[in-house]
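Understanding the architecture of this molecule
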Amino acid sequence: MGFLAGWVCLDGPLDADERNRFQRAVREITAVYPWPLRWTMRNHCVLAQAQFPRMWQGERVLSGPAQTAIAVGVQWKKYPGRRPALHHLARDLAGGREEKENRFDYFLCALVQDEPRRVVLATDPVGIAPLYYHHDDRRILFSTHQRLFHRLLDGPAGALDPDAVLQFLLIGHALGERTFHRGVALLPPGAMLSLGPGTFKLEPAAAPFAGGKGSVPRDVREAARALLDHLEEKGRHYLTLADRPLAGLLSGGWDSRLLAALFAGLGALSRTFTTQQQTRIAGRLVSEKKIAREVARHLGLRNRFVPPRYRTPRTRRLRLARLDASTWFHDWAFHLADTLPVDTYLLCDGLLGDILLRGLYHSPALQACVRSQDRPAACDLLLDSFVQGFNPYTRGLAHWERVLRPDLLRGFKRRLREEILADLSRIPQEDFVTAFLIRNRTRRGITPLPLFIFGARGVPLLPFVDRDFLETALGIPWAWKRDLSLFRALLEGLSPGLSGIPSTNSRDMDALAPYLCDSVRELSLRGRARAWWVRSRLSAFPGFIRSGPDPGPGPLAREWVRKEILTEILGGGGKGWRAWGFFMDRLAMVDDYFS
């Protein structure tokens, strides 16, 4: 997705030691990425920016006598004239004006003004990509990668936030603006932060997306046509900025099928790539290889199947470094990304389709809360979904009861409810449940995962995430999403017969029967890591388990893990590891972050 970071002194020149430490830390983090790193240095600041130079109008780094601006993102619609997109963003940030033009899938922008000394940070309205920041009376440090703060902040500023770490372990990500560090926050979606000597102002940079715009469509076909009209127009605009062929990431689901059909219809899709996820129905795996092959044949596309390779001792740490501990691992995506040629294709990916077009995880009970605007009731329902395990990558609190102390889990559940309710209360949108799901990345498809993983190989195009599409989708009756009629109408509008090919989304056992298999070994190059390796990882914990009671900025306290379970894991000839490998694997991810 790109890298953006800066360290700015607000009351004088930047200390030489701070400058050197910042540069070393940035080089260490960006060493795993293929794009070139660009530096901008002045006596009071050092800025770093890196991203493939695609899908953006003009320069991403602008430096003048009075101010410097840097940005990352994906642009889908050009500004009139020849000035770069960053010029328009910087102009609006400098003047405090709202960015009214809807021209980006996402962007992150930083502006540093010399006189008066001021730093302005801004994110797009949806906030797909993360931007973290820390500030005190004399400096501000910001970055797209939170690992940078662990390397640079000492003392209270870099102190561990145990609640954020527990949220990462138990529900897969930290809520709201939390990060692993008490002194570091995530900039909210659609926000603008303005910071100068003695001043701090955090305000909306764009009005929040509403609960739909215009009149309610008369039927599902009219709703689908409105969405398709926007997507087709957006696709044509993409092609005016693209200087590379487009490739699709084709799974067994409907989101990727929709985008493949869209760009194939525009004559722009070169080929598709498929791998195997662990989607199960009635205990059997759905073969995405077979489904994608049939979809590609229907659309007249070339499709390549890439067998999944799951984590091993050699891949695990590098994968975590690329993901930056923002959400869980998804092994299928890493190996697929590693197979793609670097900077050869623009990659069409979805994001938000499950939420906006299928209403996934937006249950009838939650919809009743939206109708009655009952945020406390919605809070309890969302809390239950977290506590029970939100998806296959989060097992729920009950599975952690033999690993973590019961009092720790009870306290966590109580604080989690308070945090969800506070977050829901701050959301101004009428459809606050959808806004919460988007804001808190509670679905793997709307995490930064595609940007971090596939963004290291090319530029991911994300057609569902611009403001116009969001508002159009939010205005469509919820029932048409839940019964899948909206998605069927979208697919048929692009390519008749496309919705008839079975999908992992439909869960139709009769239709899916020919596409089921019994073991991932039939489709993968290598199974999961062997127990001996998982057991050996504990010896590499430099204090994660064996540390004292004070959880400093590095290791977590040993009392987090119940003593009898720790004894079972350390002994028993590996038996304990086989039973508790899932939990230790998650703990090891956090340990790798702090190592």
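Source: prediction; values computed, not measured.

Parameters at a glance
- Residues numbered from 1 in each chain as written.
- Predicted model: local features only at pLDDT ≥ 70, side-chain atom pairs only at ≥ 80, totals over all residues.
- Heavy atoms only, no water.
- Helix = DSSP H or I, 4+ residues; strand = E, 2+ residues; numbered from the N terminus.
- Buried < 20%, exposed > 50% of the residue type's maximum accessible area, 1.4 Å probe, protein only.
- Contact = heavy atoms within 4.5 Å.
- Areas by Shrake-Rupley, 256 points an atom, 1.4 Å probe, with all protein chains shown as cover.
- Pairing = 2+ DSSP bridges.
- Phe/Tyr/Trp six-rings, centres within 6.5 Å; stacked < 30°, edge-to-face > 60°.
- Lys NZ or Arg CZ within 6 Å of the ring centre and 35° of its normal.
- Axes fitted to C-alpha atoms, helices over the stretch in contact; angles between N-to-C directions.
- Left-handed = near helix turned anticlockwise from the far one by under 90°.
- Nonpolar A, V, L, I, M, F, W, Y, C, P; charged D, E, K, R; others polar.
- Core = buried A, V, L, I, M, F, W, Y, C linked by side-chain atoms within 4.5 Å.
- Expected span 1.5 Å × (residues − 1).
- Disulfide = S-S within 2.5 Å.
- Polar contact = N/O pair within 3.5 Å; in protein donor to acceptor, adjacent residues only side chain to side chain.

1. So, the overall build of the protein chain
The number of helices and strands found in the protein chain is 22 helices and 20 strands. A total of 595 residues make up the protein chain; the buried ones form 61% of that total. Within the protein chain, residue pairs in contact and separated by at least 24 positions form 72% of the contacts whose partners lie at least 6 positions apart. Carbon and sulfur atoms provide 51% of the accessible area of the protein chain, an area that totals close to 22500 Å².

2. Looking at the sheet that holds strand E15 (residues 280-281)
Strands pair in a sheet through their backbones, by hydrogen bonds, and they do so in one of two ways: parallel or antiparallel. What the 3 strands build is an open sheet, ordered E15-E16-E20; its pairing is antiparallel. Two strands in the sheet have a free side with no partner beyond their single neighbour: E15 and strand E20 (516-517). The pairing of E15 with strand E16 (residues 284-286) spans 2 bridges and is antiparallel. Paired with Arg 280 across the bridge in E16 is Leu 285.

3. Structural notes on the environment of Gln 277
In this structure, Gln 277 sits in the loop between strand E14 (269-274) and E15. Each C-alpha atom of the pair Gln 277 and Pro 307 lies 9.8 Å from the other, and the pair is 30 residues apart in sequence.

4. Some remarks on the packing of aromatic side chains
Across all of its chains, the model carries 12 aromatic pairs by this definition. For the pair Trp 254 and Phe 487, a centre-to-centre distance of 5.4 Å together with 45° between the ring planes defines the contact as tilted. In this pair, Trp 254 is assigned in helix H6 (residues 254-265) and Phe 487 in helix H18 (residues 485-494), connecting sequence segments 233 residues apart. Like Phe 487, Trp 254 is buried. Within the aromatic cluster, the residues linked to one another by ring pairs are Trp 56, Tyr 79, Phe 104 and Phe 107. One cation-aromatic arrangement involves Arg 103 over Tyr 79; the distance from NZ or CZ to the ring centre is 4.6 Å.

5. Digging into the sheet that holds strand E11 (residues 191-196)
Taken together, 6 strands build an open sheet; the order of strands is E4-E5-E6-E7-E11-E12 and the sheet is antiparallel. Looking along the sheet, the strands with just one partner apiece sit at the ends: strand E4 (61-63) and strand E12 (199-204). Pairwise comparison of adjacent strand axes, ignoring direction, gives a mean angle of 10° for this sheet. Where E11 and E12 come together, 6 bridges link them in antiparallel fashion. Note that in E12 the partner of Ala 191 across the bridge is Pro 204.

6. Examining the packing of helix H13 (residues 406-426) against helix H14 (residues 432-439)
Close contact between H13 and H14 brings their axes to 10 Å; oriented N to C, the two are set at 115°. Every pair of crossing elements has a handedness; the one defined by H13 and H14 is right-handed. Mapping the contact onto sequence places Ile 420, Asp 423, Leu 424 and Arg 426 in H13 and Phe 432, Phe 436 and Arg 439 in H14. Residues of the contact of H13 with H14, tallied by class, amount to 4 nonpolar, no polar and 3 charged.

7. Overview of unusual backbone geometry
Backbone torsion omega between Glu 115 and Pro 116 reads -5°, so that peptide bond is classified as cis. Located in the positive-phi region is Leu 351, a residue other than glycine, with phi close to 75°. Relative to the elements of secondary structure, Leu 351 occurs in the loop between strand E18 (346-348) and helix H10 (353-356). Leu 351 gets classed as buried once you look at its relative accessible area, which sits at 4%.

8. Some words on the nonpolar core
Residues Leu 121, Phe 142, Leu 170, Leu 357, Ile 420 and Leu 486 are the most contacted members of the largest nonpolar core, which totals 176 residues. Setting aside its immediate chain neighbours within four residues, Leu 121 contacts Cys 109, Ala 110, Leu 131, Tyr 133, Ile 140, Phe 142, Leu 187, Ala 191, Met 192 and Leu 193. Counting residues in each nonpolar core, the second largest holds 17 residues, with Ala 69, Phe 104, Cys 109 and Val 120 among its members.

9. Considering H13
The end-to-end C-alpha separation of H13 is 31 Å, in line with the 30 Å expected for 21 residues at 1.5 Å each. Where H13 is concerned, the buried positions are Leu 408, Leu 409, Gly 411, Phe 412, Leu 416, Glu 419, Ile 420, Asp 423 and Leu 424. For H13, the secondary structure elements touched by its buried residues are helix H4 (162-171), helix H12 (375-388) and H14.

10. Considering the pairing of strand E5 (residues 67-75)
Burial of E5 is extensive: 8 of the 9 residues sit out of reach of the surface. Here E4 pairs with E5 via 3 bridges, running antiparallel. Considered in E5, the bridge of Ser 63 is made with Thr 68.

11. Topic: the state of the cysteines
With the rule as written, the count across this model stands at 0 disulfides. Left without a disulfide partner, Cys 45 is nearest to the cysteine sulfur of Cys 9, which lies 10.0 Å away. With a relative accessible area of 1%, Cys 45 lands in the buried category.

12. Structural notes on the side chain of Gln 57
Turning to its location among the elements, Gln 57 is positioned in the loop between strand E3 (45-50) and E4. A relative accessible area of 9% places Gln 57 in the buried class. A polar contact is formed between the side chain of Gln 57 and the backbone oxygen of Arg 83, at a distance of 3.2 Å. Other than its neighbours up to four places away in sequence, Gln 57 contacts Gln 75, Lys 78, Tyr 79, Gly 81, Arg 83, Pro 84, Ala 85 and Leu 241.

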